[in-house]
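Next come the chains, spelled out residue by residue.
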Amino acid sequence: VGRFVPADSALYLAASDGITHFWAIGSANTENADYNYGFTFIPTTTLTREYYISWAPGTTDLSDNGSPVFVTPTVDNTIIFVDYSPNDGVIDATYTLDRIQMQRIFDPDNDNTGMHIWATNPIVVVWGEDANPAGTENPYIDAGYSILPLNQAWIDVILTIDKSADPSVI
């Protein structure tokens, strides 16, 4: 409380006894109401090595990219791979980061939606406005959110369908 995280860095919180549970939220704030948003912290036990980015435009009209994806690894010497267009299967960017380092990732088409990010170790991913390239007015988006991991433990299958077709090929 009352402490600031240095610019362009990440933060790791832990209880000194290793068993105390707590809740925390993050905020991106430049001391300016034009650049601020919040996001939830994700427990390290639920993080994964692979993420698909849902709605994450750079601006409302995609004329610029003022809202990148921010990635932070949990382990030193983590290699992060990025495919801007996951349908093509091409690695478009690679980064090697240490624990708590932060990397901004900007899709060149100004729309981070659909980006596929994976790494050699668990990572944290957040989408949100970056005060460096973003302007203060429309079309820039003063918002952000945590990208949730694709964690199988969070999925309860309640219905399955087994279907076959006859003939199987037409």
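Residues numbered from 1 in each chain as written. Predicted model: local features only at pLDDT ≥ 70, side-chain atom pairs only at ≥ 80, totals over all residues. Heavy atoms only, no water.

Peer 1: Explain the side chain of Asp107 here, please?
Peer 2: Mapped onto the elements of the fold, Asp107 is located in the loop between β7 (103–105) and β8 (116–119). Salt bridges are absent for the buried Asp107, whose nearest opposite-charge side chain, Arg104, sits at 16 Å. Aside from chain neighbours lying at most four places away, what touches Asp107 is Asn65, Tyr84, Asn112 and Met115. (Helix = DSSP H or I, 4+ residues; strand = E, 2+ residues; numbered from the N terminus. Buried < 20%, exposed > 50% of the residue type's maximum accessible area, 1.4 Å probe, protein only. Lys, Arg positive; Asp, Glu negative; His and termini not counted. Salt bridge = Lys/Arg side-chain N within 4 Å of Asp/Glu carboxyl O. Contact = heavy atoms within 4.5 Å.)

Peer 1: Which parts of the structure should I look at to understand a nonpolar patch on the surface?
Peer 2: Where nonpolar side chains cluster on the molecular surface, the patch consists of Leu148, Trp154, Ile155 and Val157 and spans about 430 Å² of accessible area. The topology assignment puts Leu148 in the segment after β10 (144–146). (Patch = residues over 30% accessible without salt bridge, like charges linked within 9 Å, V, L, I, M, F, W, Y side chains within 5 Å. Areas by Shrake-Rupley, 256 points an atom, 1.4 Å probe, with all protein chains shown as cover.)

Peer 1: Whenever I open this one, the packing of aromatic side chains confuses me. Can you help?
Peer 2: Any aromatic ring pair is given by two values, namely how distant the centres are and how the planes are angled relative to each other. Within the structure shown, the criterion is met by 5 aromatic pairs. Here Trp55 and Trp127 contribute two aromatic rings whose centre-to-centre distance is 5.4 Å and whose plane-to-plane angle is 65°, an arrangement assigned as edge-to-face. Of this pair, Trp55 sits in the loop between β3 (50–52) and β4 (69–73) while Trp127 sits in strand β9 (residues 123–128), and the two are 72 residues apart along the sequence. Judged by relative accessible area, Trp55 falls into the exposed class, the value being 51%. Between Trp127 and Tyr145, the ring centres sit 5.4 Å apart and the planes meet at 50°, which makes this aromatic pair tilted. Of the two residues, Trp127 is situated in strand β9 and Tyr145 in strand β10; the sequence distance between them amounts to 18 residues. The exposure class of Tyr145 is partly exposed, given its relative accessible area of 23%. Within the aromatic cluster, the residues linked to one another by ring pairs are Tyr37, Phe39 and Phe41. (Phe/Tyr/Trp six-rings, centres within 6.5 Å; stacked < 30°, edge-to-face > 60°.)

Peer 1: Explanation requested: the nonpolar core in the structure shown.
Peer 2: As a rule of thumb, soluble globular proteins bury nonpolar side chains together. One finds Val69 and Ile117 to be the most contacted residues of the largest nonpolar core, which totals 21 residues. Broken down by secondary-structure element, the contributors of at least two residues to this core are β4, β5 (78–83), β6 (93–97), β8 and β9. Counting residues per element, this core draws most heavily on β9, at 3 residues. Contacts of Ile117, omitting those with residues within four sequence positions, involve Arg49, Glu50, Tyr51, Ile53, Val69, Val71, Ile80, Phe81, Val82, Ile105 and Ile123. (Core = buried A, V, L, I, M, F, W, Y, C linked by side-chain atoms within 4.5 Å.)

Peer 1: In this structure, what is going on with the sheet that holds β3? I would like to understand it.
Peer 2: To summarise the sheet geometry, strands pair through backbone hydrogen bonds and adopt either a parallel or an antiparallel arrangement. Ordered in space as β3-β8-β5-β6, the 4 strands form an open sheet in which the pairing is antiparallel. Of all strands in the sheet, those with a lone pairing partner are β3 and β6, marking the two edges. Within this sheet the neighbouring strands show an average axis-to-axis angle of 15°, counted without direction. Sheet analysis places β5 next to β6, joined by 5 bridges and oriented antiparallel. (Pairing = 2+ DSSP bridges. Axes fitted to C-alpha atoms, helices over the stretch in contact; angles between N-to-C directions.)

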